[in-house]
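An overview of the molecular structure
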Amino acid sequence: MRSITFFYIALFITLLLPTCLFAQPTTFTSVFYDPSGAVGGSGVVQTPDSTYFIAAEKDYTGLIIKMDPYGYNLWEKQYDFAGQDAFFTRIFRTHDGQFIAAGSLNYDYSNGDILCMRLDETGDTVWSISIDFGTHEYVTYVQETSDHGFIISGCGSTIPYDPRMIVIKLDSAGNMQWNKTIAGETTSIAHSVKEAPDGGFYVVGGMGNSPGWDRKALLIKLTPYGEITWAKQLASSSLYADGFDVVVGDSVLFCLIEISQGTILVKTDLEANVLWS
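Reference entry: report on the structure contained in this document. Being a predicted model, the structure only gives us computed values, none of them experimental. (Residues numbered from 1 in each chain as written. Predicted model: local features only at pLDDT ≥ 70, side-chain atom pairs only at ≥ 80, totals over all residues. Heavy atoms only, no water.)

**Focus on the packing of aromatic side chains**
Scanning the entire structure with this criterion turns up eight aromatic pairs. When the centroid spacing of 4.0 Å and the interplanar angle of 25° are considered together, the rings of F53 and F99 count as stacked. In this pair, F53 sits in strand β4 (residues 52–58) while F99 sits in strand β8 (residues 99–105), placing the two residues 46 residues apart along the sequence. Of the two residues examined, F53 and F99, each falls in the buried class. Here the aromatic rings of Y202 and W230 are separated by 6.2 Å at their centres, their planes lie at 50°, and the arrangement is tilted. Of this pair, Y202 sits in strand β16 (residues 201–208) while W230 is found in strand β18 (residues 228–234), placing the two residues 28 residues apart along the sequence. (Phe/Tyr/Trp six-rings, centres within 6.5 Å; stacked < 30°, edge-to-face > 60°. Helix = DSSP H or I, 4+ residues; strand = E, 2+ residues; numbered from the N terminus. Buried < 20%, exposed > 50% of the residue type's maximum accessible area, 1.4 Å probe, protein only.)

**Looking at the pattern of salt bridges**
Applying the stated criterion across every chain yields a total of nine salt bridges. Across the pair D124 and K77 runs a salt bridge whose closest N-O atoms are separated by 2.8 Å. One end of the pair, D124, is in the loop between β9 (113–119) and β10 (125–131); the other, K77, is in strand β6 (residues 73–79), with 47 residues separating them in the sequence. Accessibility expressed as a relative area gives 40% for D124, which makes it partly exposed. Among the residues examined, K77 registers a relative accessible area of 26% and is labelled partly exposed. (Salt bridge = Lys/Arg side-chain N within 4 Å of Asp/Glu carboxyl O.)

**Notes on a nonpolar patch on the surface**
A surface patch of nonpolar side chains, amounting to about 440 Å² of accessible area, comprises F244, L256, L265, L275 and W276. Along the chain, W276 turns up in strand β22 (residues 274–276). (Patch = residues over 30% accessible without salt bridge, like charges linked within 9 Å, V, L, I, M, F, W, Y side chains within 5 Å. Areas by Shrake-Rupley, 256 points an atom, 1.4 Å probe, with all protein chains shown as cover.)

**A short note on the sheet that holds β9**
Spatially, the four strands line up as an open sheet ordered β7-β8-β9-β10, and their pairing is antiparallel. The open sheet terminates on both sides in strands that have one partner only, identified here as β7 (86–93) and β10. With direction set aside, neighbouring strand axes in the sheet form an average angle of 20°. Direction of pairing for β9 relative to β10: antiparallel, over a ladder of six bridges. What sits directly across from L115, in β10, is S130. (Pairing = 2+ DSSP bridges. Axes fitted to C-alpha atoms, helices over the stretch in contact; angles between N-to-C directions.)

**Digging into the pairing of strand β5 (residues 61–67)**
Working note: regular strand, side chains alternate between the two faces of the sheet. Burial runs high along β5: seven of the seven residues are buried. Because side chains alternate across β5, one face comprises the buried residues T61, L63, I65 and M67, and the other comprises G62, I64 and K66, equally buried. Both β4 and β5 contribute to a ladder of seven bridges, which runs antiparallel. Considered in β5, the bridge of A56 is made with L63. What sits between the antiparallel neighbours β4 and β5 is a turn of two residues, in which D59 has the positive phi angle 55°.

**Observations regarding unusual backbone geometry**
One non-glycine residue with positive phi stands out, namely S50, at about 70°. Tracing the sequence through the fold places S50 in the loop between β3 (39–46) and β4. Classification of S50 by relative accessible area gives buried; the value is 18%. A positive phi angle, near 70°, is found at H148, a position not held by glycine. The partly exposed category is assigned to H148, whose relative accessible area is 34%.

**Let's talk about the side chain of S192**
As for its position among the elements, S192 is in strand β15 (residues 188–195). Owing to a relative accessible area of 1%, S192 belongs among the buried residues under this scheme. Within the structure, S192 has its side chain in polar contact with the side chain of D245 (distance 2.9 Å). Ignoring sequence-local partners within four residues, the contact set of S192 consists of T140, Y141, S153, Y202, V203, V204, F244, D245 and V246. (Polar contact = N/O pair within 3.5 Å; in protein donor to acceptor, adjacent residues only side chain to side chain. Contact = heavy atoms within 4.5 Å.)

**Description of the sheet that holds β6**
Strand order in this open sheet of four strands is β3-β4-β5-β6, and the pairing throughout is antiparallel. Of all strands in the sheet, those with a lone pairing partner are β3 and β6, marking the two edges. When the angles between neighbouring strand axes are averaged without regard to direction, this sheet yields 20°.

So this is what it looks like as structure tokens:
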């Protein structure tokens, strides 16, 4: 059973309310607390009308919270999966105003399946799928793609406590189109995946022993069908480095890398040639 080490969600959000030319930023803090159970949140997305959808869990079940622009709860919904433990780690708003939420089922660091749900604007389920590659799956990121399907990153393994990078492509109805396991000699995890201008994908993550100093940050380019085009190491001068996010521009990439001394931003071209860091 996965342990819960936190008992509330503290959400800090700053937004601009364009009510007048000289409107000041409005800052709020919302704390969601349940004295009879455990609540934890991992992802949030803002809608065009400045409401917020939060991906979370409550008492080992998936939880989605909708919040107004001032931090007040509009509604919350729990999702039952036939008694299986579940939680959401990421949520993304789709082109048609619906939402894709991703997380895990029955996750306890040696077991777990990938969970992916499409929700309408009221939180009702459009479709729901689970994906099992072996003994251990965990979702780190989900995003809609240009064909209105979805791309998912995370880790998975057939061996307990020995995860490997995984990337999964779904169509708009939740059917798997392809999946890619990126294996090395040691454990690895894909922390984020973003679509490239050519329809392929950039994957950023880390490979090596963790915790520890022997870890490498990797940026990997996949074709639109999940085949590896190239893989390059970033922040190679650091004994410890892990890639956590990538932002794709028209001709450049910005990669967020954690190293032993802190966190750095690395700018590269679309072929991962470093421009500055």
